[in-house]
Amino acid sequence: MRRISDMAGEAVLLAGGGRAILLQLANPGVGHGVAEHSDFVDRPLSRLHGTMTYLYAIVFGTPAEVAQVRRVVGRAHRPVHDGRASSVRYDAFDPELQLWVAATLYDSAVQLFERVHGPIDPAHAEAVYQDYALVGASLQMPRELWPPDLESFRRYWDEAVAGLEVDDVTRRVAHELLHPTTGPWWLRLVMPLARLVTAGSLPRSVRDDFGLSWSPSSQRRYDRVMRVTAAVVPHLPPRLRHVLRDAYLRRLRAAMAAEARTPGRG
């Protein structure tokens, strides 16, 4: 039976990261918190690294590694509350906001996985969905807040997407995310492709609200990229498909080992 562990290790899911982040930003409570407390401009990869480390540890890590990433995320979220320069109230520990973040990660992962590997059959799709509750419940989201089944999730998702609101603040953050001016050279090299995949996979209403240009030519390029990806990725050996999972877990384990060796820690 296909479960979250069969999906979450696939490196290709990284391509859904931009979609998930923009959907998160389109929720004012998340977007304004990120705008006031994140540093996309100076550290364009920081949120991505944190999210990927959290996801891989939650699904594949040991209990100690899960506890570690929960502590790290908790520390990062602690100051994210009560806007300093914004009329939007937010709190990173708000369970409803955590539900939305987890929902964007689930929906983006499944959308991309099915586009590349083909549809998940209904019985397995329900099992994967139930497993994804772990993403939110490992923080402060009560497990019962996760919609009880896929049908309920679809209703929640459609209502949530219809209620998203993009403003100048979150539009600016999205622009900084999609057009980094710092970071490694390879990041700027891959960003045109990342912008195409992100814009192409967003709901049309959200894409329009962020002011992302789209045309029939854009759609054709997006479709070609996805066809090539679907033709190649499923045939790659597991060590390549799971290379990001293994790298992030090694990085986490090295950081934990270094921390344990630090005097006064461990």
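Conventions and cut-offs
Residues numbered from 1 in each chain as written. Predicted model: local features only at pLDDT ≥ 70, side-chain atom pairs only at ≥ 80, totals over all residues. Heavy atoms only, no water. Phe/Tyr/Trp six-rings, centres within 6.5 Å; stacked < 30°, edge-to-face > 60°. Helix = DSSP H or I, 4+ residues; strand = E, 2+ residues; numbered from the N terminus. Buried < 20%, exposed > 50% of the residue type's maximum accessible area, 1.4 Å probe, protein only. Lys NZ or Arg CZ within 6 Å of the ring centre and 35° of its normal. Contact = heavy atoms within 4.5 Å. 1 Å grid on protein atoms, 1.4 Å probe; cavity = no way out; pocket = protein on both sides within 12 Å on 5 of 7 lines; lining within 4 Å. Points joined across faces, edges and corners; volume = space filled by probe spheres on them. Nonpolar A, V, L, I, M, F, W, Y, C, P; charged D, E, K, R; others polar. Axes fitted to C-alpha atoms, helices over the stretch in contact; angles between N-to-C directions. Left-handed = near helix turned anticlockwise from the far one by under 90°.

Visitor: Would you mind going over the packing of aromatic side chains with me for this structure?
Guide: Aromatic ring pairs are reported here in terms of the distance separating the ring centres and the angle at which the planes meet. Going through the model one piece at a time under the given rule, you end up with 13 aromatic pairs. Seen from their ring centres, Y56 and Y248 are 5.8 Å apart, and the 40° between their planes marks the pair as tilted. Within this pair, whereas Y56 is found in helix α4 (residues 46-60), its partner Y248 is found in helix α14 (residues 243-261), the two being separated by 192 residues in sequence. For Y56, a relative accessible area of 2% translates into the label buried. Both rings, one in F153 and one in W157, keep their centres 5.9 Å apart while their planes meet at 25°; by these two values the pair is stacked. Placement of the pair is F153 and W157 together in helix α8 (residues 150-162), with a separation of four residues, close to one helical turn. What makes F153 buried here is its relative accessible area of 0%. Grouping aromatic residues by their ring pairs yields a cluster made of W100, Y106, Y129, Y132, W146, F153, Y156 and W157. When the ring centre of F60 is taken as origin, the NZ or CZ atom of R245, which lies over that ring, is 5.0 Å away.

Visitor: Sorry, what's going on with the side chain of N27 here?
Guide: Structurally, the position occupied by N27 is in the loop between α2 (17-25) and α3 (28-37). Looking at N27, the relative accessible area reads 17%, which means it is buried. Ignoring any residue separated from it by four or fewer positions in sequence, one finds N27 in contact with L97, W100 and L164.

Visitor: I'm lost on the layout of surface pockets in this one. Help?
Guide: Over the atoms, a rolled probe matching the size of one water molecule traces out where space is still vacant. Taken as a whole, the second largest pocket spans an internal volume of roughly 780 Å³. Lining the second largest pocket we find 29 residues, and of these L14, A15, L48, V190 and A194 sit closest to its centre. Put simply, the parts of the chain that give the lining of the second largest pocket at least two residues each are α2, α4, α6 (95-117), α9 (168-178), α10 (185-201), α12 (216-232) and α14. Per-element tally for the lining of the second largest pocket: the top contributor is α10, with eight residues. Taken together, the residues of the lining of the second largest pocket sort by class into 24 nonpolar, five polar and no charged.

Visitor: How should I be thinking about the packing of α3 against α9 in this particular structure?
Guide: The interhelical angle for the contact between α3 and α9, taken along N-to-C directions, is 60°, at an axis separation of 9 Å. You can see that α3 and α9 cross each other, and the crossing is left-handed. Where α3 abuts α9, its residues G31, H32, V34 and A35 lie against V169, T170, R172 and V173. Here the contact of α3 with α9 is built from residues that sort into four nonpolar, three polar and one charged.

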